[in-house]
Amino acid sequence: EAKATGKNTFSVYKEEMGKHLSARLQMEKHLRNAINQDELYLVYQPKINLFSGQVIGVEALLRWRNPKLGLVPPNVFIRIAEESRMIIPISEWVIENTIRQLQAWQGTEYQNLSIAVNISSNQFSHEDFIHDLARQLDGANLPRRLLEVELTESTVMTNADENIKRLQLLRHKGFDLAVDDFGTGYSSLSYLKRFPLTILKIDKSFIDGVPNDDEDMSISQAIVQLAHSLDIKVVAEGIETHAQLEFLQELGCEFGQGYFISRPLEIADLNKWLQQHGKNFYQSETYLDYLAD
Ligand code: C2E
Ligand code: MG
Ligand code: MG
Ligand code: MG
């Protein structure tokens, strides 16, 4: 009896494993064609100065829409791309398209907007990454500060000693450097002091707790104070409510992004959004109407 159950459980398990594996292989196969088939695109989420309301830039976020699979979340396909080395051509595609967008803004009133790009750890540890990036911006006649590099806390903390040199080179070449999802990893404070960062991004999970969760609010406050004591500026991600925006302002958090300000937008919608809010988010009709209600 027990043996039979065991065998059944195992064959069910094997079947589930098979399904899981083939779904994954399917996805991997489709992903291999995503660039050629024009299935990738970028959306851009505006970022503002929380004190002045000035729109300072956007974060580029990758999207993959496949006819069979639909819209696959980046948290799913980026991991597969990383495990299968496809992350290199995909990342190149992201950077090329980001540079093209920066170029499109040159000579317009939006030419000072920066674009933050998420760089995966495989990409970052690639030997030529930093030199290639510098060469690409120079080749496009763009100031390097317009492309901001976002690395997650776990990327910079893995091989932290080695990474310090690479981070220094990146900064030396004139790039801004943000640590993403800060607070979710295991940063040692002594490393934080040695990393040449320009920006810490407080993870959305802490912002979610504002204004009801005292611990999340204390953590947010601690992150802002820590960053400022090291001369690093702070971006809060995932601001969904006005109460969260006000709380962060009071903490002295310089920058913010989130659905309350804008969702990530396809380029045509971003250009419309910029026309309506680009001068100053706090003086936009959307925001003033919100306050009036
Ligand atoms: P991330 O860099 O931390 O990006 C923030 C995520 O939060 C984005 O999810 C964004 O759409 C979402 N978000 C922003 N504001 C709000 C808000 O107010 N509420 C809620 N609920 N969500 C908000 P997304 O676009 O699904 O990206 C997830 C992650 O995938 C990113 O996290 C980043 O780690 C990774 N990713 C996205 N694009 C790229 C890329 O081009 N390259 C690499 N290597 N990773 C990428
Ligand atoms: Mg990011
Ligand atoms: Mg983040
Ligand atoms: Mg995140």
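Residues numbered from 1 in each chain as written. Chains lettered and ligands numbered in written order. Predicted model: local features only at pLDDT ≥ 70, side-chain atom pairs only at ≥ 80, totals over all residues. Heavy atoms only, no water.

Colleague: I tried to follow the overall build of the protein chain on my own but got confused; where do I start?
Modeller: Along its length, the protein chain carries 13 helices and nine strands. Computed over the C-alpha atoms, the radius of gyration of the protein chain is 21 Å, within 12% of the 19 Å expected from 2.2 N^0.38 for a compact globule of 293 residues. Seen through its principal axes, the protein chain has C-alpha atoms that stretch 70 × 50 × 45 Å. Out of the 293 residues in the protein chain, the part that is buried amounts to 47%. Approximately 15500 Å² of the protein chain is accessible, and the part contributed by carbon and sulfur atoms is 49%. A distance of 8 Å separates the average location of the 29 positive side-chain charges in the protein chain from that of its 41 negative side-chain charges. (Helix = DSSP H or I, 4+ residues; strand = E, 2+ residues; numbered from the N terminus. Rg over C-alpha atoms; globule rule 2.2 N^0.38 Å. Buried < 20%, exposed > 50% of the residue type's maximum accessible area, 1.4 Å probe, protein only. Areas by Shrake-Rupley, 256 points an atom, 1.4 Å probe, with all protein chains shown as cover. Lys, Arg positive; Asp, Glu negative; His and termini not counted. Charge placed at Lys NZ, Arg CZ, Asp CG, Glu CD.)

Colleague: Help me understand the site of ligand 1 in this model?
Modeller: Around ligand 1, a shell composed of 21 residues is seen, among which R63, N118, D180, E240 and Y259 lie nearest. The separation between an oxygen atom of ligand 1 and a polar side-chain atom of E59 is 3.0 Å. Here D181 contributes a side-chain N or O atom positioned 3.1 Å from an oxygen atom of ligand 1. Here ligand 1 loses 83% of its free accessible area of 790 Å² to cover by the protein chains. (Near = heavy atom within 4 Å. Polar contact = N/O pair within 3.5 Å; in protein donor to acceptor, adjacent residues only side chain to side chain.)

Colleague: What is the right way to read the pairing of strand β7 (residues 199-202) from this model?
Modeller: Where a strand is regular, its side chains alternate between the two sheet faces. Here β7 shows no split at all, with I199 and K201 on one side and L200 and I202 on the other all buried. Handedness of the crossover is the feature at issue here: the chain leaves strand β6 (residues 176-182), passes through helix α8 (residues 189-194), returns alongside β7, and the resulting connection is right-handed. (Right-handed = clockwise from strand over helix to strand, strands pointing away.)

Colleague: Explanation requested: the coordination of the magnesium ion (ligand 2) in the structure shown.
Modeller: For a metal bound by four donors in a tetrahedral arrangement, the ideal donor-metal-donor angle is 109.5 degrees, while six donors in an octahedral arrangement ideally sit at 90 or 180 degrees. Listed as protein donors to the magnesium ion (ligand 2) are E59 (OE), N118 (OD1), E150 (OE) and D180 (OD); their distances from the metal cover 2.0 to 2.2 Å. Separating the magnesium ion (ligand 2) from the magnesium ion (ligand 3) is a gap of 4.1 Å, which D180 spans by donating to each of them. A residue pair is termed long-range when its members are at least 10 positions apart, and E59 in strand β2 (residues 55-66) and N118 in strand β4 (residues 114-118) qualify at 59 residues. (Donors = N, O, S within 2.8 Å, 3.2 Å for Na, K, Ca; no water.)

Colleague: How should the pairing of β2 be read in this particular structure?
Modeller: Of all twelve residues that make up β2, nine are buried, and the element is covered over most of its length. Judged from the nine bridges that link them, strand β1 (residues 40-49) and β2 form a sheet pairing that is antiparallel. Of the residues in β2, the one forming a bridge with Y41 is R63. As defined by bridge partners, β2 adjoins β4 across four bridges and the pair is classed as parallel. Note on β4: the bridge partner recorded for V58 is I115. Note that β2 and strand β3 (residues 70-72) share three bridges and pair antiparallel. Bridge pairing links N66 to G70 in β3. Linkage of β2 to β3, two consecutive antiparallel strands, is achieved through a turn of three residues. (Pairing = 2+ DSSP bridges.)

Colleague: Looking at this structure, I do not really get the side chain of E237. What am I missing?
Modeller: In this fold, E237 is placed in the loop between β8 (233-236) and α11 (242-251). With no salt bridge to any partner, buried E237 finds its closest opposite charge in K201, at an N-O distance of 4.2 Å. Among the polar contacts listed, one links the side chain of E237 to the backbone nitrogen of K204, at a separation of 3.3 Å. With near-sequence residues (within four places) excluded, E237 lies in contact with D180, D181, K201, I202, D203, K204, I207 and Q257. (Salt bridge = Lys/Arg side-chain N within 4 Å of Asp/Glu carboxyl O. Contact = heavy atoms within 4.5 Å.)

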